[in-house]
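# Architecture at a glance
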Amino acid sequence: MNPLLIRAFLFDLDGVVVFTDRYHEMGWRALAEAEGWDFPPKLAHSLRGVSRTDSVDIILAHNGLQKTAEEKEEFAARKNAIYLDAIRNINGTDVVPGVLDFIKKARAAGIQTALCSASKNAMTVLEALGISNLFDTVVTGADIHRSKPDPEIFLLGASRLGIPPFHCMVFEDAVSGIEAALRAGMKCVGIGQAEQLPNAPEVLPDFVSVDLDSLLETGRLHRPEAEPWGITQTALRERRSSYWESIFALSNGIIGVRGSLEETAWPGHSYPATFVNGVFGRKPYEHLWKLPGFAEGLEMMLNVADWTRVDLEVDGVKFAPDATGIGGHRRRLDFEKGCLDREFEWAPGGGVAKVRVRTKRLVSMDRRHCAALAYEVEALADCEVKLTASTIIPAGHWHLPGDPVLVKEISEKDGCDALLLEPADGPHAVALAASTRFEGPGARKRTAEARSVSHEATVRLQAGQKCRLEKNVAILSTVDRSLDGLLGEAVKLAAIDAAAGFSVLAEELAAWWKAWWPFHDIRIEGNPADQQAIRFNLFQLRQSFPCHPKLSIGANFLTGDKYCGHVFWDTEMYISPPALYSEPEIVRPLLDYRYHLLDKARARARAVGNRGALYSWNTISGEECATVFEASTAEYHLVTAVAWAIRRYVEQTGDKAWLWSHGAEILFETARFLENLGGYVPLRDGKFCINAVCGPDEYACGVNNNCYTNVMAQWHLRYAAKIFDRMRGEAPEQFQALCARCGFSAEERDGWQKAGDAMYIPFREDLGIHAQDDGFLNLEPVDMNRIPMHTDIREKMHPLKLWRTQVCKQADTVLLLFVHGDQFTKEVKEADYNFYEPRTNHGSSLSACIHTIIAAELGRMEEAYQFFHLSACMDINDFKSNVAGGLHSACMGGTWMAVVNGFGGMRDYDRGLEFAPRLPKAWKECSFHIRWRGAGIAVTMMPDKTRYVLCDGDSVDFLHHGKPVHLSRGEHPEETL
Ligand code: BGC
């Protein structure tokens, strides 16, 4: 795995490496003067990065002139002659500050460099300066057919270097060049003034103090500063606003509030949103040719309201995040206390600051309906302050037609704003009651409109005086309540929370996290960025558990709707494990959710032509929403993931009552499905084969015998048979009732056992590796250096081409080596890993964590650590440039696994609990806790030893690197590696 996100730098010439623009401008101006044309500075600026011929057209158009082709050519040639004459004088003073050192450092770090300039004279300039050796390739205007903003020039540069565009970064000083870079699918840094480069994701004035490490690792100029218990934003930038909204999202698993700024932010860039788990809108799909079992429509988690809006006006000037005079702006997500704090000073119009603003926001973990904010303004000089707090029901939607949220009622009840909201098309209504309170004197005004309600307070403050606004909302939905009285109840709850006041809500929340952290923290000494990342992951994970039997956890939590709020196998295989080994009771509702969807899963199995139950690959209500059925519905391994989580939950808690009342039915119906899905194939020696599937690797569709799926299905079928036998003996009445209701029989049970025992497991004896499926090894290998890493290449390649390509999206066979690791020898694991990892582009965020686990098991600590870092910092560093759409929830659960199962070497196979700690070199110490079947164990890994402490239970037995350890209360054995 190449850990560098950026592998090539592509430079424009003029204004980026050298300031030739003044020589160009000189040439055009001389020509314009000679011809008597108008040539204002703005026109001169617009010619940057534009080819000579296009420049002639622009100048003529500006002057309202039409000329023949020959005349134009003659103008271009005259300008060029003047220019060439002038650049003979070019020298070091024309070089952009810091650029040469920067290029040299980048090259020393292994980065390839290209110069991509529309100027046909680029080589002459480089040679005049003696710097042509700094570039691996030079693309000039002579090599291309289309000017920027066409991406041709950069794509050619990248292809000459042999680096996929995704791994290239362009440095540009012109709007058209930036557009070209973005159209080429490259990262881009603007060089110059931010105001003049509005489309640049990031802007640098020059190259004098650039954090090269950050650029190479993240593709961005800055990483958030490493701190142990929080994450802080200091710069306010329009283009990153949506990233911060996801990072700063607060939730309790029922309500999720994105971390948008309170004031009117940047339309088109920021996405203020509040999501309510289980509440969605629908959009029917229009299939031109609708085949049996095709999904009917999309379910889209709804952004029900923006209730966090507070607009600030000081002395009649309205605050905006890009206003002048903002000082010390800082927002910080506090993992210890669970809230989002903000502070800044503001001098309206510039000068000396007149106000200091502090805000705090929270979503309550105890009061599951409650979210709140406080907004405080302190006058630093006498001034008039106006605050307007609004609740706005968003109009339109990025993906659904019309206004997907209808306002059924907007009224005032018991001092609260009461809003009843209904999806235009969707089953669940939402009641939102908001209490808004201003402290201090001054005039108040309430305004209600069709889709918003606002409260305004205007107050004159003297220096040192403060005014404060508190607002809390109670949000309820018909997911778990009837519509009758819903709004009344929300109003009642909002009034109770308002009476408690913001500080009590904040104290409660802090107390909640204070009680939670000690057992669940992962402490890392030696690398502050890793410490921050792991705590951020743990915080976001925990605040997202809904603990409700009809709700689950989506692929972006409730932090964004890129994945539409859909639930995938992520929940069972990646998000649940941290909780299964620390608070398994919060996993049970997630399994209840699957039970709740069982009838829909039965219908789904019928729809695809099978018996039993098939869960929908991505869904909220149980209906399949995936349209690319071959890489979704065909991922039948989802049902094995649900069974796997059931097994873990039951083993951890011993909750047989739940197994008999809920779990068994899921296990049997899904086993019925798997047995019905596969068949005994004569030419495979009568083995049980499962054909036409998609394993975890979504680049390989419609394959036969995906190894992961078959091994999981084998386990599943045998486990279902085992539970069938147990239930018959231990809960005979429930067993009889279940069999009578669903038609399970001993004969069917034997069918599961037989299919499991006869399962075909693809293994190539000659190569000593598992075959990912029947076809994968027969595909043509590809040059992985030409495949972009860490990105879903389905977006770049036609599926037919992709299916012929021997590239894995994510851990597939490698995942098997972890989940069923007790079935394989170390040699097979080595061989499988050696074969599959180099063919994996880690296009899914679910990949790196699993690779950490196996790399660590194989003792490849450096590689394991690189994968860990990628997984842990996936969101903070925004490696995939998609955090704006929401956090990667499976990756966060996987990051816990990377530490505990990876570096801690924790395994929980049939032979019992095992640890095999291996501390990465980057860390001095790492400690975590796990709960295993009632025993609470604290593990502290050090470079040469590991300390185990039993903090709950009487004793526990486990293996430490294969050596038996019996741990009793009060003992602190230290085991050496
Ligand atoms: C991954 C799936 C995952 C989904 C949602 C896809 O990119 O390949 O395994 O379930 O994202 O996270």
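Report on the accompanying structure. (Residues numbered from 1 in each chain as written. Predicted model: local features only at pLDDT ≥ 70, side-chain atom pairs only at ≥ 80, totals over all residues. Heavy atoms only, no water.)

Take the overall build of the protein chain next. Per the secondary structure count, the protein chain includes 27 helices and 37 strands. For the protein chain, the C-alpha radius of gyration of 31 Å lies close to 30 Å, the compact-globule estimate for 977 residues. Looking at the 977 residues of the protein chain, the share that counts as buried comes to 61%. Of the contacts formed within the protein chain by residues at least 6 apart in sequence, a portion of 67% connects residues at least 24 apart. Within the structure as shown, the protein chain displays about 35,700 Å² of accessible surface, and the carbon and sulfur contribution to it stands at 51%. In the protein chain, 106 side chains carry a positive charge and 130 a negative one; their mean positions are 1 Å apart. (Helix = DSSP H or I, 4+ residues; strand = E, 2+ residues; numbered from the N terminus. Rg over C-alpha atoms; globule rule 2.2 N^0.38 Å. Buried < 20%, exposed > 50% of the residue type's maximum accessible area, 1.4 Å probe, protein only. Contact = heavy atoms within 4.5 Å. Areas by Shrake-Rupley, 256 points an atom, 1.4 Å probe, with all protein chains shown as cover. Lys, Arg positive; Asp, Glu negative; His and termini not counted. Charge placed at Lys NZ, Arg CZ, Asp CG, Glu CD.)

The environment of the ligand is formed by Ala555, Tyr563, Phe568, Trp569, Asp570, Trp617, Glu698, Lys809, Gln810, Ser844 and Leu846. Within the contact set of the ligand, an oxygen atom lies 2.7 Å away from a side-chain nitrogen or oxygen of Lys809. Look at the ligand: alone it shows 310 Å² of surface, and the protein chains cover 94% of it. Of the residues contributing to the shell around the ligand, the split by class is six nonpolar, two polar and three charged. (Near = heavy atom within 4 Å. Polar contact = N/O pair within 3.5 Å; in protein donor to acceptor, adjacent residues only side chain to side chain. Nonpolar A, V, L, I, M, F, W, Y, C, P; charged D, E, K, R; others polar.)

Within strand β33 (residues 935–941), seven of the seven residues are buried, leaving the element largely enclosed by the surrounding structure. Residues Ala935, Ile937, Val939 and Met941 of β33 are buried on one face, and the alternating residues Gly936, Ala938 and Thr940, pointing to the opposite face, are buried as well. Bridge count for strand β32 (residues 925–932) against β33 is seven bridges, and the pairing is antiparallel. Following the sheet pairing, Trp932 is matched in β33 by Ala935. (Pairing = 2+ DSSP bridges.)

Turning our attention to the packing of helix α17 (residues 637–653) against helix α19 (residues 707–730). Between α17 and α19, the shortest axis-to-axis distance is 9 Å and the interhelical angle comes to 50°. One element, α17, and the other, α19, form an angle in the oblique class. In this structure, α17 meets α19 at a crossing whose hand is left-handed. In this structure, α17 uses His637, Val639, Thr640, Ala643, Trp644 and Arg647 to contact α19, whose residues at the interface are Tyr708, Thr709, Met712, Ala713, Trp715, His716 and Tyr719. (Axes fitted to C-alpha atoms, helices over the stretch in contact; angles between N-to-C directions. Parallel < 35°, antiparallel > 145°, perpendicular 65-115°, else oblique. Left-handed = near helix turned anticlockwise from the far one by under 90°.)

Here we take up the pairing of strand β2 (residues 112–116). Among the five residues in β2, four count as buried, and that is most of the element. Where strand β1 (residues 8–11) and β2 come together, four bridges link them in parallel fashion. Among the inter-strand pairings, Ala8 is bridged to a residue of β2, identified as Gln112. Here three bridges tie β2 to strand β3 (residues 137–139), and the two strands are oriented parallel to one another. Bridged to Cys116 within β3 is Val139. Tracing the backbone out of β2, into helix α6 (residues 122–129) and back to the parallel element β3 gives a crossover that is right-handed. (Right-handed = clockwise from strand over helix to strand, strands pointing away.)

On inspection of all chains with the given rule, the structure shows zero disulfides. In this structure Cys467 is not part of a disulfide, and its nearest cysteine sulfur, from Cys383, lies 8.3 Å away. In this model Cys701 remains outside any disulfide bridge; the closest cysteine sulfur is found in Cys694, 4.4 Å from its own. (Disulfide = S-S within 2.5 Å.)

A few words on the nonpolar core. One finds Leu312, Val385, Trp569, Phe668 and Ile930 to be the most contacted residues of the largest nonpolar core, which totals 224 residues. The leading source of residues in this core is α19, at 12 residues. In this structure Ile930 touches Phe519, Tyr581, Trp896, Val900, Met906, Leu913, Phe915, Ala935, Gly936 and Ile937, once residues within four positions along its chain are discounted. (Core = buried A, V, L, I, M, F, W, Y, C linked by side-chain atoms within 4.5 Å.)

What follows covers the packing of aromatic side chains. One pass over the full model with this rule turns up 52 aromatic pairs. On the basis of an interplanar angle of 35° and a centroid distance of 5.5 Å, the ring pair of Phe294 and Phe629 is categorised as tilted. Here Phe294 is found in the loop between β10 (274–284) and β11 (297–303), whereas its partner Phe629 is found in the loop between α16 (598–607) and α17, with 335 residues between them in sequence. Look at Phe629 and you get partly exposed, because its relative accessible area is 42%. Taking 5.9 Å as the distance between ring centres and 40° as the angle between the ring planes, the aromatic pair formed by Phe776 and Tyr836 counts as tilted. Of this pair, Phe776 sits in the loop between β29 (769–770) and α22 (799–802) while Tyr836 sits in helix α24 (residues 826–836), placing them 60 residues apart in sequence. Take Phe776 and Tyr836: they sit in the same class, and that class is buried. By the ring-pair criterion, three or more aromatic residues cluster together here, those being Trp229, Phe335, Trp512, Trp513, Trp516, Trp517, Phe536 and Phe539. Sitting over the face of the ring of Tyr680, Lys754 holds its NZ or CZ atom 4.5 Å from the ring centroid. (Phe/Tyr/Trp six-rings, centres within 6.5 Å; stacked < 30°, edge-to-face > 60°. Lys NZ or Arg CZ within 6 Å of the ring centre and 35° of its normal.)

Let us look at the pattern of salt bridges. Opposite charge on two side chains permits them to pair, given that their charged atoms come into close proximity. Summed over the entire model, instances satisfying the criterion amount to 86 salt bridges. Ionic pairing is found between Arg22 and Asp94, a salt bridge with its closest N-O pair at 2.2 Å. Of this pair, Arg22 sits in helix α1 (residues 21–35) while Asp94 sits in the loop between α4 (69–86) and α5 (99–108), and the two are 72 residues apart along the sequence. On the basis of relative accessibility, which here comes to 43%, the residue Arg22 falls in the partly exposed class. One salt bridge in this structure joins Arg672 and Glu748, with 2.7 Å as the shortest N-O distance. (Salt bridge = Lys/Arg side-chain N within 4 Å of Asp/Glu carboxyl O.)

Keep in mind these values describe shape, not function.
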